[in-house]
Structure formats: structure tokens, C-alpha cells
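A look at the structure
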Amino acid sequence: MTGVQTCALPICVGGGQWFISRLVDTQGLGATAWLLVGMIPVLAVALMAFLSYRKLPHSKLPTPKRPASLRSGILSRTVLLLFGLATSRSFSMIVCMTGMSFLIAEKIPDESLALRSTGNALAMFVVAVGSGGLLSGFFVHPKSEKPGILISLISAAPLLIAFPLLSGTWLLVVLGLGAGLLASTIPLVTATGQRLLPHSSALASAIFMGLAW
């Protein structure tokens, strides 16, 4: 499920960024306050789901005992190295998204066109991130984790370094490819961490998909 989870949220976020850029361009920044009204049906559905969930029968599973070696496992050199990779990956994504916005604004003097172009680029970026994570999730296997992480990081680096030097369609294409390759490490790193911490896979996911960001 790691690859599916990685893909679903960025695609939704990408649609939101595309929509927000159009809304701000046509109605101004103040119009975004009306988006809070859209939270009402979301909260209603969430409340109905919560009430329905409470009525379902639940079986209590025995709480597994936490092994004494869990702390040493989290602080092992391999897990710390994976955490470093995950953190570097997240940092690179945030830098590219932020830098891209300023880059487009600098290259396009027209404010309206620059805003719409930024919305398009951000939407493309996060969809590429989700797609890269999804495709990588289909190939997660103990034998493919290490080479997959190395290949994706090495392949993404020159693309993400080169995209600020480009403009137009090529900027988006190179950035999208780099973002997709970089995001393909997400399910690989998470699966490796869960395998190294078998007694606490939830904690492994929290480390590499939560704390790393």
C-alpha cells in the first residue's frame, strides 16, 4: 500500500494547486477564504464515517510485546542512513518546489501568466511525485530495494540540477522526470525500514514518511 498512499495524496494536492492558481488570478487572494465553506461537507462526511465506524464490531488483538532491541534497531547505522536519505530526498523536493515558483516568476514578467504557470508547474510536480512513488511501489522487493534507491537518486540528481537552466516545456519535462525519479525512493526506503524493524512497521513508516519531511 505504500506506493498507492504515496500517489493518492500528491494527485489530490496537484488538482488543488491548479485550481487555487486560477482562483487567485481571476478573483484575487481574498477569494480563497470562501474555500473554508467547502470544509462543511467534508466535516459532515467525516463525522458520519466516524459514527458508523463506532457501531462496527471490533475485535481486540493481543498487544505484541516490544522487543528489547527495538531502540538499538532504530539507532542502527542502516536505519539512520535510510533516515538521512529520506530527509535529503524530502529537502530536495521542497527546495525544487519553492525555487521553481521564484524561477517562473522571474522568467515570466506578466503576473497573471506567471501565476497560472506556477500553478501548472506545481500541479505537474506533485503528480509526478505521486506517479513515481506508485510505479516504484509495484517493484518493491528485498532484492530491488538497495539498487532501486541508488539508481533513482543518481538518476534524479542531474535532472533536478539542470531544470533551473531551462525554460518553457523543457523545464517542466525535466523537472517532472526528476521529481518522479526522486519520489520513487519513498516506497523503497519505507519498505526497507519496515523490514529492518519488523516488530514496529508503523514506527518505521512514521520515521521515513513522517519525521523525514
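Rules of the game
Residues numbered from 1 in each chain as written. Predicted model: local features only at pLDDT ≥ 70, side-chain atom pairs only at ≥ 80, totals over all residues. Heavy atoms only, no water. Salt bridge = Lys/Arg side-chain N within 4 Å of Asp/Glu carboxyl O. Helix = DSSP H or I, 4+ residues; strand = E, 2+ residues; numbered from the N terminus. Expected span 1.5 Å × (residues − 1). Polar contact = N/O pair within 3.5 Å; in protein donor to acceptor, adjacent residues only side chain to side chain. Buried < 20%, exposed > 50% of the residue type's maximum accessible area, 1.4 Å probe, protein only. Contact = heavy atoms within 4.5 Å. Core = buried A, V, L, I, M, F, W, Y, C linked by side-chain atoms within 4.5 Å. pLDDT = per-residue confidence, 0-100. Axes fitted to C-alpha atoms, helices over the stretch in contact; angles between N-to-C directions. Parallel < 35°, antiparallel > 145°, perpendicular 65-115°, else oblique. Left-handed = near helix turned anticlockwise from the far one by under 90°.

**Here's the deal with the pattern of salt bridges**
One pass over the full model with this rule turns up 1 salt bridge. The salt bridge partner of E145 is R195, with a shortest N-O separation of 2.7 Å. Residue E145 is found in helix α6 (residues 142-162), and its partner R195 is found in helix α8 (residues 185-196); the two are separated by 50 residues along the sequence.

**Notes on helix α5 (residues 111-137)**
For α5, with 27 residues, the first-to-last C-alpha span of 39 Å sits near the 39 Å given by 1.5 Å per residue. For α5, the side-chain oxygen to backbone nitrogen distance between the N-cap and S112 is 3.4 Å, and the N-cap itself is D110.

**A short note on the environment of S136**
Locating S136 in the fold gives a position in helix α5. Judged by its relative accessible area of 9%, S136 is buried. C-alpha separation for the pair S136 and T185, spaced 49 residues apart in sequence, amounts to 7.5 Å. Excluding its chain neighbours within four sequence positions, the residues that come into contact with S136 are S184, P187 and L188. Looking at S136, its side chain comes within polar contact range of the main-chain oxygen of S184, at 2.7 Å.

**A word on the nonpolar core**
The biggest cluster of nonpolar side chains holds 21 residues, and the ones touching the most others in it are M93, C96, M100, F125, V129, F163 and L175. Elements with a minimum of two residues in this core: α4 (77-107), α5, α6 and α7 (168-183). Apart from residues lying up to four places away in sequence, C96 is in contact with F125, L160, F163 and L175. Formed by 11 residues, the second largest nonpolar core is a distinct cluster that contains A86, L197, A204 and A212.

**Here's the deal with the confidence of the model for the protein**
Confidence in the prediction of the protein, expressed as mean pLDDT, is 78, and 84% of residues score 70 or more. The weakest mean pLDDT in the protein belongs to helix α1 (residues 2-27) at 63; the strongest belongs to α7 at 86.

**Some remarks on the side chain of T185**
Residue position: T185 is located in helix α8. Take T185: its relative accessible area is 2%, and that puts it in the buried class.

**So, the side chain of T192**
Of note, T192 is situated in helix α8. Among all residues touching T192, those that are not within four sequence positions of it are L82, E145 and I149.

**Some points on the packing of α4 against α5**
With their axes 9 Å apart at the nearest point, α4 and α5 run at an angle of 160 degrees to one another. For the element pair α4 / α5, the angle class is roughly antiparallel. The way α4 lies across α5 gives a crossing that is right-handed. Of the residues in α5, those in contact with M93, C96, M97, M100, S101, I104 and A105 of α4 are A114, S117, T118, A121, L122, F125, V126 and V129.

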